[in-house]
Amino acid sequence: DLVARDEHLRENLKAEAHTLPDIVLTERQLCDLELIMNGGFSPLEGFMTEADYKGVVDNLRLADGALFPIPITLDVSREDID
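A quick note: this is a predicted structure, and the numbers were derived from the prediction, not measured. (Residues numbered from 1 in each chain as written. Predicted model: local features only at pLDDT ≥ 70, side-chain atom pairs only at ≥ 80, totals over all residues. Heavy atoms only, no water.)

A. Focus on the pattern of salt bridges. Summed over all chains, the structure comprises 2 salt bridges. Note that Arg 28 is salt-bridged to Asp 32, the shortest N-O span being 3.3 Å. Taken together, the positions of Arg 28 and Asp 32, both in helix 3 (residues 27-37) and 4 residues apart, correspond to about one turn of that helix. According to the relative accessible area criterion, Asp 32 is buried, its value standing at 7%. Here Lys 54 makes a salt bridge to Glu 50, at a shortest N to O gap of 2.9 Å. Taken together, the positions of Lys 54 and Glu 50, both in helix 4 (residues 50-59) and 4 residues apart, correspond to about one turn of that helix. (Salt bridge = Lys/Arg side-chain N within 4 Å of Asp/Glu carboxyl O. Helix = DSSP H or I, 4+ residues; strand = E, 2+ residues; numbered from the N terminus. Buried < 20%, exposed > 50% of the residue type's maximum accessible area, 1.4 Å probe, protein only.)

B. Fine view of the packing of aromatic side chains. For the structure on display, the rule yields 1 aromatic pair. Between Phe 41 and Phe 68, the ring centres sit 6.4 Å apart and the planes meet at 65°, which makes this aromatic pair edge-to-face. Remark: Phe 68 occurs in the loop between helix 4 and helix 5 (78-81) and Phe 41 occurs in the loop between helix 3 and helix 4; sequence separation between them is 27 residues. An identical accessibility class is assigned to Phe 41 and Phe 68; each is buried. (Phe/Tyr/Trp six-rings, centres within 6.5 Å; stacked < 30°, edge-to-face > 60°.)

C. Main features of the confidence of the model for the protein. The share of residues in the protein with pLDDT of 70 or more is 95%, and the mean pLDDT across the chain is 91. Looking at the elements of the protein, mean pLDDT is at its lowest for helix 1 (residues 2-5), recorded as 64, and at its highest for helix 4, recorded as 97. (pLDDT = per-residue confidence, 0-100.)

D. A look at helix 4. The complete set of buried residues in helix 4 reads Asp 52, Gly 55 and Val 56. Buried residues along helix 4 cover an arc of 95° about the axis, so they all sit on one side. Facing away from the buried side of helix 4, by more than 90 degrees, are the exposed residues Glu 50 and Asp 58. Once helix 4 ends, the next one or two residues include Leu 60, with phi positive near 60°. (Arc of directions from axis to C-beta.)

The following block contains the structure:
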């Protein structure tokens, strides 16, 4: 449960969020985010790391060896990252 697990960090995360730039998500990105948040992409707890992405693309497995069928990434422009 992501909400309960991070409850002790809540105020710090809220304060940090106000310092970050906005990124407008596409419908697809919003759907992926919703599925991550409601457990539809379990065991993912966020968008894939590079190691998870490469493992899924190469052999359908996350970095920890768990079977996972498709890469789930947040595709944003370099401009949004910088």
